Amino acid sequence: MAVNLSNVEQAIIEELKISPEEARAYVAIVKSGKMDAARISKATGIGDEKQAQAVAKSLVGRGMVIEITAMEFESLHPRFAVTNRYRRRCAEDNIPFKKNLRVDNIGIVLEKPFEDARTK
């Protein structure tokens, strides 16, 4: 299955082994740029601000997002973030880290929305 913006969240869930909430939050942060927990909650439908903050912090722990302040989060460049998470997933699952075209395509698909959000 080819990766595009309409199915990128599902590809992230499958390839990177993260929750649907984490995938939604990650894609929202990539597309919007720096976001606080309230905006993440509103944009993704993830519970309240506290739940959105917990999801964002879990993405920090997975190496995909950085914490700007206690309540503000920003995505790393998608190619780096996705590869970083895939490398960690391989280590967690005790499988060799090697090229994965689907993982590469996730980063490529998210690159333009990432750049667009940061050059407004």
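Residues numbered from 1 in each chain as written. Predicted model: local features only at pLDDT ≥ 70, side-chain atom pairs only at ≥ 80, totals over all residues. Heavy atoms only, no water.

Where an unreviewed UniProt entry is consulted, the chain appears under the name Putative transcriptional regulator, with the organism given as Candidatus Nitrososphaera evergladensis SR1.

Draft legend 1. Here's a closer look at the packing of helix 2 (residues 20-32) against helix 6 (residues 101-118). With their axes 6 Å apart at the nearest point, helix 2 and helix 6 run at an angle of 50° to one another. Our classification of the angle between helix 2 and helix 6 gives oblique. For the pair formed by helix 2 and helix 6, the contact residues are Y26, I29, V30, K31 and S32 on the first element and L110, P113, F114, A117 and R118 on the second. Here the residues of the contact of helix 2 with helix 6 sort into seven nonpolar, one polar and two charged. (Axes fitted to C-alpha atoms, helices over the stretch in contact; angles between N-to-C directions. Helix = DSSP H or I, 4+ residues; strand = E, 2+ residues; numbered from the N terminus. Parallel < 35°, antiparallel > 145°, perpendicular 65-115°, else oblique. Contact = heavy atoms within 4.5 Å. Nonpolar A, V, L, I, M, F, W, Y, C, P; charged D, E, K, R; others polar.)

Draft legend 2. Structural context of the UniProt feature "domain: Transcription regulator TrmB N-terminal" (unreviewed entry) in the chain. Here, UniProt's "domain: Transcription regulator TrmB N-terminal" (unreviewed entry) annotation points to residues 15-68. Its end C-alpha atoms 27 Å apart, residues 15-68 is made of 67% helix and 9% strand. (UniProt positions renumbered as here; feature names shortened; annotations may be inferred.)

Draft legend 3. View of the pattern of salt bridges. Enumeration according to the criterion identifies ten salt bridges in this entry. The closest approach of N and O atoms between E111 and R79, which form a salt bridge, is 3.0 Å. Here R79 lies in helix 5 (residues 78-93) and E111 lies in helix 6, a separation of 32 residues in the sequence. E92 is the salt-bridge partner of R85, the closest N and O atoms lying 2.9 Å from each other. In this structure R85 comes out as buried when scored by relative accessible area, which is 1%. A single network of salt bridges, built from pairs that share partners, joins E14, E15 and R102. (Salt bridge = Lys/Arg side-chain N within 4 Å of Asp/Glu carboxyl O. Buried < 20%, exposed > 50% of the residue type's maximum accessible area, 1.4 Å probe, protein only.)

Draft legend 4. Looking closely at the packing of aromatic side chains. This structure, assessed with the given rule, holds one aromatic pair. When the centroid spacing of 5.7 Å and the interplanar angle of 50° are considered together, the rings of Y86 and F97 count as tilted. Placement of Y86 in helix 5 and of F97 in the loop between helix 5 and helix 6 is noted, with a sequence separation of eleven residues between them. Its relative accessible area of 7% is what places Y86 among the buried residues. Stacked on the ring of F97, the Lys or Arg R87 has its end atom at 4.1 Å from the ring centre. (Phe/Tyr/Trp six-rings, centres within 6.5 Å; stacked < 30°, edge-to-face > 60°. Lys NZ or Arg CZ within 6 Å of the ring centre and 35° of its normal.)

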